[in-house]
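# A structural walkthrough
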Amino acid sequence: MTTALALPSTEEEIWRYSRINELDMSKFASGKLTTTVEGGEGVHVSGAAATALVGACMQVQPDVFAQLNTDTPDVIALQIGKNKVHTQTVVITHSVDKSGVVAYPRLVIDAAENSEIVVVERFTSADNVHSLVVPVVEVHAAQSARVTYLAINELGKNAWQIGHQVAVGERDSNVRLFTVALGGDYARMRAEVRLVGQGASAQQTALYFADGTQMHDFRTLQSHEAPRTHSDLLFKGAVKDTSKSVYTGLIKITENGTKTEAFQTNRTLTLSRGAWAESVPNLEIETNDVKCSHASTVGPIDDDQRFYLESRGVPPEIAERLVVFGFFDEVIDRLPQSEFLAGIRDKVIAKLGGTK
Amino acid sequence: MSKLEIRDLQVTVGGTQILNGITLTINSGEVHAVMGPNGAGKSTLSAAIMGKPGYEVVGGSVKLDGQDVLAMPTWQRAVAGLHLVMQYPTEVPGVKLSEVLSEALVARHATLPNLNKTINEEAARISFDSELVNRAVNVDFSGGEKKRNETLQLAVLKPKIAILDELDSGLDIDALRDCAKRVEDATNETGMGALVITHYSRLFEELKPDFVHILAKGRIVKSGGPELADELERDGYAAYAVTAE
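Residues numbered from 1 in each chain as written. Chains lettered and ligands numbered in written order. Predicted model: local features only at pLDDT ≥ 70, side-chain atom pairs only at ≥ 80, totals over all residues.

Looking only at helices and strands, chain A has five helices and 21 strands in total. Summarising its shape, the C-alpha atoms of chain A cover approximately 60 × 50 × 40 Å along the three principal directions. Residue burial in chain A is summarised as follows: out of 356 residues, 51% are buried. Of all intrachain contacts in chain A linking residues separated by at least 6 positions in sequence, the fraction that spans at least 24 positions is 83%. (Helix = DSSP H or I, 4+ residues; strand = E, 2+ residues; numbered from the N terminus. Buried ≥ 20, exposed ≤ 12 C-beta atoms within 10 Å, placed from the backbone. Contact = placed C-beta atoms within 7 Å.)

All right, on to the overall build of chain B then. Looking only at helices and strands, chain B features eight helices and ten strands. The C-alpha radius of gyration of chain B comes to 17 Å, within 12% of the 18 Å expected for a compact globule of 245 residues. With the C-alpha coordinates of chain B rotated into their principal frame, the extents come out at 50 × 40 × 35 Å. By the burial criterion, 46% of the 245 residues in chain B qualify as buried. Put simply, 70% of the contacts in chain B that link residues at least 6 apart link residues at least 24 apart. (Rg over C-alpha atoms; globule rule 2.2 N^0.38 Å.)

Our focus in this paragraph is the interface of chain B and chain A. Every contact between the two is made by 22 residues of chain B and, on the other side, 21 residues of chain A. Mapped by element, the contributors of at least two residues to the side of chain B that touches chain A are α2 (74-80), α3 (97-107) and α5 (143-157) of chain B. Ranked by residue count, the leading element in the side of chain B that touches chain A is α3(B), at five residues. For the side of chain B that touches chain A, the class distribution of residues is 14 nonpolar, four polar and four charged. (Nonpolar A, V, L, I, M, F, W, Y, C, P; charged D, E, K, R; others polar.)

Moving on, we come to the sheet that holds strand β11 (residues 146-154) of chain A. Residue and element names in this part refer to chain A. Judged by pairing direction, the sheet is mixed, and its nine strands sit side by side in the order β2-β5-β8-β11-β13-β15-β17-β19-β21 without closing on themselves. The open sheet is flanked by β2 (34-38) and β21 (291-299), the only strands paired with a single partner. Mean inter-strand twist for the sheet, computed between neighbouring axes without regard to direction, equals 5 degrees. Pairing analysis gives eight bridges linking β11 to strand β13 (residues 174-181), with the strands arranged parallel. What sits directly across from R146, in β13, is N174. (Pairing = 2+ DSSP bridges. Axes fitted to C-alpha atoms, helices over the stretch in contact; angles between N-to-C directions.)

Glancing now at the sheet that holds strand β5 (residues 67-68) of chain B. Residues and elements named next belong to chain B. Here we have four strands laid out as an open sheet, ordered β2-β1-β4-β5, and antiparallel in their pairing. Two strands close off the open sheet at either side, each with one partner strand: β2 (16-27) and β5. The sheet contact formed by strand β4 (residues 55-64) and β5 spans two bridges and is antiparallel. Along β5, the bridge assignment pairs K63 with D68.

So, on to the nonpolar core. Of all hydrophobic cores here, the largest spans 170 residues; its most connected members are A:I109, A:I117, A:Y149, A:A167 and B:V196. Broken down by element, this core gets its largest block of residues, seven residues, from helix α4 (residues 316-334) of chain A. What B:V196 contacts, discounting residues up to four positions off in sequence, is B:V31, B:H32, B:A33, B:V34, B:L164, B:L203, B:L207 and B:P209. (Core = buried A, V, L, I, M, F, W, Y, C linked by C-beta atoms within 7 Å.)

Looking now at the packing of helix α3 (residues 303-310) of chain A against α4(A). Residues and elements named next belong to chain A. In contact at an axis separation of 9 Å, α3 and α4 are set at 125 degrees when each is read in the N-to-C sense. Looking at the two axes, α3 sits oblique to α4. Judged by the sense of rotation from one axis to the other, the crossing of α3 with α4 is right-handed. For the pair α3 and α4, contact is made by Q305, R306, L309 and E310 and by P316, A319, L322 and V323, respectively. (Parallel < 35°, antiparallel > 145°, perpendicular 65-115°, else oblique. Left-handed = near helix turned anticlockwise from the far one by under 90°.)

Right, let's talk about the environment of A:Q161 for a bit. All names here are of chain A. Mapped onto the secondary structure, Q161 falls in strand β12 (residues 160-169). As for Q161 and E113, which are separated by 48 residues in sequence, their C-alpha atoms are 33 Å apart. Leave out the neighbours within four places in its chain, and Q161 touches F123, V133, P135, N153, L155, G184, A187 and R188.

Our next topic: the packing of α3(B) against helix α4 (residues 115-125) of chain B. All names here are of chain B. At a minimum axis distance of 11 Å, the contact between α3 and α4 shows a crossing angle of 120 degrees. By the criterion of interaxial angle, the relationship of α3 to α4 is oblique. The way α3 lies across α4 gives a crossing that is right-handed. Here S98, L101, S102 and L105 of α3 lie close against α4, whose contacting residues are L115, N116 and I119. Along the lines of polarity and charge, the residues of the contact of α3 with α4 split into four nonpolar, three polar and no charged.

A word on the confidence of the model for chain B. Put simply, chain B has an average pLDDT of 93, and 98% of its residues get 70 or more. Among the prediction metrics, the complex's ipTM stands at 0.95, with pTM recorded as 0.90. (pLDDT = per-residue confidence, 0-100.)

Residues and elements named next belong to chain B. Sheet topology note: the strand β1 (residues 3-13)/β2 ladder contains nine bridges and is antiparallel. Its bridge partner lying in β2, L4 is registered against I26. As consecutive antiparallel partners, β1 and β2 are separated by two residues, and within that stretch G14 has a phi angle of approximately 55 degrees, a positive value.

Encoded structure:
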């Protein structure tokens, strides 16, 4: 029934600048990803127990894609018991194996009181695969729980992603959501954190790099619904060739969010004349006594930085690589240690060096 | 022996002519001080020699041991043996000094078997906190740390000719002494030639000039020995600013 769907359009603010108008859902039939889960022993639940966890963080469907995912999800559920620390990193790897598929992976992370877990979710496909992935991630962190989630988009050149992450943090919990976005033709992620318990905190961090004709599209929400909550968002990316990136983010502090601290920074390097990036930060604050800041920049590599390195005898292409990695350094520093970091570095180097 | 020959160098910035024909020859081991009032073109001279974007050479030549410096991109000028110590060293977030030096040496096809050891020894020599070597270059450095960092790079990269643009600005007396002494030592130990751009003669307590040139309105209006610096200290630039009209 996918052909009968009413898709959103770029007329809607949340889809502004997106490539949603290019999407033809009739090209895709519902299908499955090839998925592996490693390190999930003791927390990976299935069957009715898994299904029961779906939707806990998403009572209202934010858009038609989240709705489609909720209607027919391929569920992976991780449930961590009270006071448990899951020492192994759970690694979920999805592969899109053929063209013409739309897939609805759903990851639910349910962390009970004072528990701890680290999850890495990777999305991969070959360059010749024309498919659409619509992933939804729900994270529930109960009181004092600590959840780290890292999404790595290593999709091929012709894959699309329209994704959604939502995290709910209870009292004194800490949620860290990381995204590394390298692949895909059009890759969108809407990432929302709701801090509903006093003292809850969240970090949202992204590294993105688009080249060729790619587009990365991020929409973020930091919603502070309880006192003394803390959020810190840092999204940094680069666009090269004729690629594009969009970032729009909202810090929302309700009247309950007194003594909240919320920070939001988005910076994008434009590495080619034909590349384009948009950055739109927003604040919506309904109470006093809060500390908030947002910053956003879009621009090329600083000429003075380039000249400084070149005047030491560093060739231009190496100087550019140093400056770009220097730019990403604070993001890479925040990323959880993982065996995939080296691969990410290599991919960024390849994107920097390649010309299209 | 190396030789940097600047002949009738004319430079415009944003369409305005700043240098009106500078001629200077710097040989290995020599220290040439270029002194002048604000706006004389001192920093333009250093930027033009190193090829900074925005500084357009409209006449004259710069040669290092016969090689046409102006035909080279900036990084090749450095590899050929020129080094610029900047007045305001640029902050480069996320890029460590050790990475910069390592890449700079690779470009010179020079490998230091133990770069870190060399860096630590050179850092100790100028009282530079070697912890800073592993921090982002110049980011949150004090004025003194920035100039010590610049001097450290010069010591490790061992250029033939160094151009020091106001080494003495923005740093305290101790840092100035350490940096100036290290440059002086380089002229003696490795025969480095130095073009030292400055307002003030206090730099010369440690770094002894062999020649002093007065730059005013884009021209060298007088050249002489160290005694010229003493004269400037006493009488100021007023006489020369007028002469240059």
